[in-house]
Amino acid sequence: VQLQASGGGLVQAGDSLRLSCAASGRTFSSYDMGWFRQAPGKEREFVAAASWNGGSTRYVNSVKGRFTISRDNTKNTLYLQMNSLKPEDTAVYYCAATPRAYRGVYTSPTLYDYWGQGTQVTVSS
């Protein structure tokens, strides 16, 4: 599966952004999906994940209540709605895919096989 992330940009603290990840190739619903981010000088960090049908989701504590992951399998697209953005959310955001597991969603980036190219999100204070 090929992944293409988009929707990043430069915003002010408190603003919102919606990231999209368009998938092509294999059947999108065959994959659990995740969003990760990497800030300069830091390791890649789990942000959110959704199971193959969106029925199971998981978030890192720092974004709970502010970010929402969703997917539209009819459009082969994964989304990340980001509200109340903070400067510490500044990073390159990556979408990733792993064959569906039927036992929850993974938070470790090592368990994802396919990655998009990343989209920059910059939040100014």
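Since we're looking at a predicted model, the values are computed, not measured.

Parameters and conventions
- Numbers given to residues run from 1 along each chain, matching the order in which its sequence is written.
- Under the rules for a predicted model, residues below a pLDDT of 70 receive no local features and side-chain atom pairs below 80 are neither given nor counted, while totals for whole chains, interfaces and linings still include all residues.
- Hydrogens and water are ignored here; the side-chain numbers use all heavy atoms of the structure.
- Residues belong to one nonpolar core when they are buried, are Ala, Val, Leu, Ile, Met, Phe, Trp, Tyr or Cys, and are joined through side-chain atoms within 4.5 Å.
- The rule is simple: take the accessible area with a 1.4 Å probe, protein chains only, and divide by the maximum for that residue type; under 20% is buried, over 50% is exposed, in between is partly exposed.
- Helical segments are the DSSP runs of H or I of at least four residues, strand segments are the runs of E of at least two, and each set is numbered from the N terminus.
- Our working definition of a disulfide is a cysteine sulfur pair at a distance within 2.5 Å.
- Put simply, a salt bridge is a Lys or Arg side-chain nitrogen that is within 4 Å of an Asp or Glu carboxyl oxygen.

Q: Explain the nonpolar core to me, please; I cannot follow it from the model alone.
A: A general trend in soluble globular proteins is that nonpolar side chains are found buried together. Counting residues in hydrophobic clusters, the biggest one holds 36 residues, and the most contacted among them are Trp35, Leu80, Met82 and Tyr93. At the level of secondary structure, the elements contributing two or more residues to this core comprise strand 1 (2-6), strand 3 (17-24), strand 4 (31-38), strand 5 (45-50), strand 7 (67-72), strand 8 (77-82), strand 9 (91-99) and strand 11 (119-124).

Q: Could you clarify how one ought to interpret the state of the cysteines in this entry?
A: Between two cysteines, a covalent bond joining their sulfur atoms is known as a disulfide. Following the criterion strictly, the structure yields 1 disulfide and no others. The partner cysteine of cysteine 21 in its disulfide is cysteine 95, sulfur to sulfur 2.1 Å. Judged by the sign of its S-S torsion, about 65 degrees, the bond between cysteine 21 and cysteine 95 is right-handed. Placement of the pair is cysteine 21 in strand 3 and cysteine 95 in strand 9, with a sequence separation of 74 residues. Overall, cysteine 21 belongs to the buried group, its relative accessible area being 0%.

Q: Can you walk me through unusual backbone geometry in this structure?
A: Among all residues except glycine, the phi angle is most often negative; among peptide bonds, the trans geometry is most common. Despite not being glycine, asparagine 76 shows a phi value in the positive range, around 55 degrees. As for its placement among the helices and strands, asparagine 76 is situated in the loop between strand 7 and strand 8. Judged by relative accessible area, which is 30%, asparagine 76 ranks as partly exposed. Of note, the phi angle at serine 84 is positive, near 50 degrees, even though the residue is not glycine.

Q: Please explain the pattern of salt bridges as it appears in this structure.
A: Close approach of charged atoms lets side chains of opposite charge pair. Under the definition given, this model contains 3 salt bridges. Of the charged contacts in the structure, one is a salt bridge between arginine 37 and aspartate 89, with a shortest N-O distance of 3.0 Å. Here aspartate 89 lies in the loop between strand 8 and strand 9 and arginine 37 lies in strand 4, a separation of 52 residues in the sequence. Aspartate 89 matches arginine 37 in its accessibility class, with the two residues each being buried. Here the salt bridges do not stand alone but share partners, grouping Arg37, Glu45, Arg66 and Asp89 into one network.

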